[in-house]
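Below, each chain spelled out in residue letters.
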Amino acid sequence: MAIAMHSWRPRFARPIIILLLMSVAALAVSHVKPVRADTSPGLDGVGNAIDCGVQNCAAQSLTTTKNNDAIILIAECGFYTCNDSISSITDSSGLNFAPRVSYSPNDELWEFTAIAPSPLTGDRINVTYSGNPTYGLQIQVIGVAGVDPSAIFDQDPSIPATEPCATITQYGVQYDPCSLSIQTSEVDFVVAIVSINDAGGCTVPSDFNQIIAGGRLEVDYQIASIPGDVAYDCSDTDSMSLVMDAIAVNGTPAVYHSHAPIVINGDSGFTTSNGVTEGSGTSSDPYIIDDWYINGCACQNGIDIRNTDAYFVIQNVYLHMHPQTYFGPAGIAFSNVTNGVVIDSRIEGFWYGISTSPGGNFIPSSNLYISGNSITDTSISNSGIAIFLRAPTNVEVSDNYVSNDPNTPISGVYVLYGNNVWVEDNTFLGLYAAISFGRSTSFLISGNHVQGSRQAGISIDQSSDFQVTYNQVSDTSGAQGIGILVGRSSGDGLVVSNNTIVRNDVGISIESSRGVSVSGNTVDGNGVGVIAYSPYLGNSGNIAIVQNEISNNGKGVILHFTFDVVVYHNNFDNNYIQAIDTNSTTNSWDNGYPSGGNHWSDYTGVDNCSGPNQDVCPSSDGIGDTPYVFSYNQDNYPLTNPYSQ
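Everything in this summary refers to the structure shown in the same document. (Residues numbered from 1 in each chain as written. Predicted model: local features only at pLDDT ≥ 70, side-chain atom pairs only at ≥ 80, totals over all residues. Heavy atoms only, no water.)

**As for the packing of aromatic side chains**
Here's step 1: Counted according to the given criterion, the structure contains 18 aromatic pairs.
Here's step 2: When the ring of F388 is compared with that of Y414, the centres are 5.3 Å apart and the planes differ by 20°; the resulting orientation is stacked. With F388 in strand β32 (residues 385-390) and Y414 in strand β35 (residues 411-416), this pair connects stretches of sequence that are 26 residues apart.
Here's step 3: Relative accessible area serves as the criterion here: at 28%, Y414 is assigned to the partly exposed category.
Here's step 4: Feature note: the residues F572, W589, W600, Y603, Y628 and F630 constitute an aromatic cluster, connected by ring pairs.
Here's step 5: R100 extends its terminal NZ or CZ atom over the ring of F153, reaching a point 3.6 Å from the ring centre. (Phe/Tyr/Trp six-rings, centres within 6.5 Å; stacked < 30°, edge-to-face > 60°. Helix = DSSP H or I, 4+ residues; strand = E, 2+ residues; numbered from the N terminus. Buried < 20%, exposed > 50% of the residue type's maximum accessible area, 1.4 Å probe, protein only. Lys NZ or Arg CZ within 6 Å of the ring centre and 35° of its normal.)

Now the structure itself:
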């Protein structure tokens, strides 16, 4: 047998540069600016449009991070006039929306509110309407943190305020001044809502931040930290009506500040005008880009860094755009970048969350540390990718949270032509393929929580020298529906070990690969527990399936068109079909005597004898006296008790 079972030691180690970048990130957080507490008030989520699935309906998906957020639902209809009325609002988290404003001097603006007791993940909010479907309804949902659920709004009598910004005459539309002022009585999250007659956005007042702009609806906000007058003006576009409201928030204002998309080309581009708040670019004093809210567009990356090797940290930024149905930009794009850190940031709605291949260009980047970020609602098609690393070297991706609407799943981490990449301790929910590596070498996938993928939880293709360890992969179902897939791979050090793999269509699939060690895994409740076969040219072989718990699956282990596979010291418990071995050669389902084979819960033989031929009697040895026979093969030395290492 080509594979010897022993304690496998990694032949690649966490690179020194990653340890250095981790210390750079710690320096940025601990010595530059304190991390925001969960109680910090402010913008805590911006909804992204999703397919409602029926006519006369508008829907958005919203993710937030804090308890007791105020969820503000804004709706607009019409250009000159509105013939629609809202029929119902439904919410996948069971939120109940109460009406706050209905204002219709020309078209109509609505505002509704609800309280979310706990953080929302891909919360689906549907608004159905009746009337004129030609123009339909546009909605925008936001989450605001730091409110008192019993008193959401500032009680000053000037709030909310409304203003008609146009007059409809027999000759057309006369656009009037569009401005308002309210009086706040406490620390407030002030929101300005403008309906627009299909034109450009407002020129946002300097003390307001933009959430969405132009077309039919504009939503801007500021945090008014001192009670007093707050004025807003949008008279430079085709404004039809204006509503201002103020949500009462407590504590210190949130730190997000509005910024235009950032482009840095070369180390000389790290300037204050490009969002750099401090630092000199050395390992002990990295450039810091932090605390920005960047509202992207379909034509430009949120933060675009190229051709640099200075040390920098992007932290606590919030990048948002409405998801696209076609190829679009990245929240953060790196091209020929070395020594970069992205931590504790939120990226929503971009086609790529973080990409080292903007525009599909093959320009490697290296020495990157991506940790603690939330990447959601990447696309409203099936093609977006949360983190796309093309030809990366020395990269760690850890402790990130990636999710998407389960009806439009996207990919989580996709690494192509990678070398020495670590993907550790991330959470991936409701994706198409959570973690994918192609044509890569010397990488680690460890400690990740993967749930609800459609194609594959973890997928590896044409790669070598990797470890897939201590991951939890569950509920993968759909086209393929494989928990862990190793395809067309060979070489040294191909290890799938100590993972928990439950409730998938297929638990572990080894396809046209050689030299894979599958050990120490818990494989429970899958349609198929473990399968090795050859859908491509060339058989799968030199595979060890050893010391796994394989239970309650439809089929335990399947070998098909394989060679030199060893299967031993596994516990096969209550699988509907324990094992199948077809069209294979020189496979062995035991490790000889006295090591033994596998434990089979339905084995009915006895243990009265011992010896290689089980003919030394009476002398029990923990091995059945007769083979365990199954479809097209047998275990010559079945264990009478569950194997315990």
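**Here we look at the pairing of strand β14 (residues 188-199)**
Here is the key point about a regular strand: its side chains alternate between the two faces of the sheet.
Here's step 1: Counting buried positions along β14 gives ten out of twelve residues, so the element sits mostly inside the fold.
Here's step 2: Bridge analysis of β14 against strand β18 (residues 239-248) gives nine bridges, and the strand direction is antiparallel. Within β18, the position partnered with F189 by the bridge is I247. (Pairing = 2+ DSSP bridges.)

**Concerning the sheet that holds strand β10 (residues 161-164)**
Here's step 1: Strand order in this open sheet of five strands is β10-β18-β14-β16-β15, and the pairing throughout is antiparallel. Here the strands that pair on one side only, and so sit at the sheet edges, are β10 and β15 (209-212). Across the sheet, the mean angle from the axis of one strand to that of its neighbour is 20°, orientation sign disregarded.
Here's step 2: Pairing analysis gives four bridges linking β10 to β18, with the strands arranged antiparallel. From the neighbouring strand, P164 faces β18, where its bridge partner is S241. (Axes fitted to C-alpha atoms, helices over the stretch in contact; angles between N-to-C directions.)

**A closer look at the sheet that holds strand β5 (residues 85-91)**
Here's step 1: Reading across the sheet, the four strands line up as β2-β3-β8-β5 and stay open at both edges, with antiparallel pairing between neighbours. With partners counted over all chains shown, the strands left at the sheet margins are β2 (48-50) and β5, one partner each. The average undirected angle you get between the axes of adjacent strands in this sheet is 30°.
Here's step 2: Looking at chain direction, β2 and strand β3 (residues 57-62) are connected through three bridges and run antiparallel. Note that in β3 the partner of N48 across the bridge is S61.

**Regarding the state of the cysteines**
Here's step 1: Taken as a whole and assessed by the stated rule, the structure comprises four disulfides.
Here's step 2: At a sulfur-sulfur separation of 2.1 Å, the disulfide partner of C165 is C178. Here the disulfide of C165 and C178 is right-handed, its torsion about the S-S bond being about 60°. One end of the pair, C165, is in the loop between β10 and β11 (166-169); the other, C178, is in the loop between β12 (172-175) and β13 (179-184), and 13 residues separate them in sequence.
Here's step 3: Residue class for C178 comes out buried when judged on its relative accessible area of 0%. (Disulfide = S-S within 2.5 Å.)

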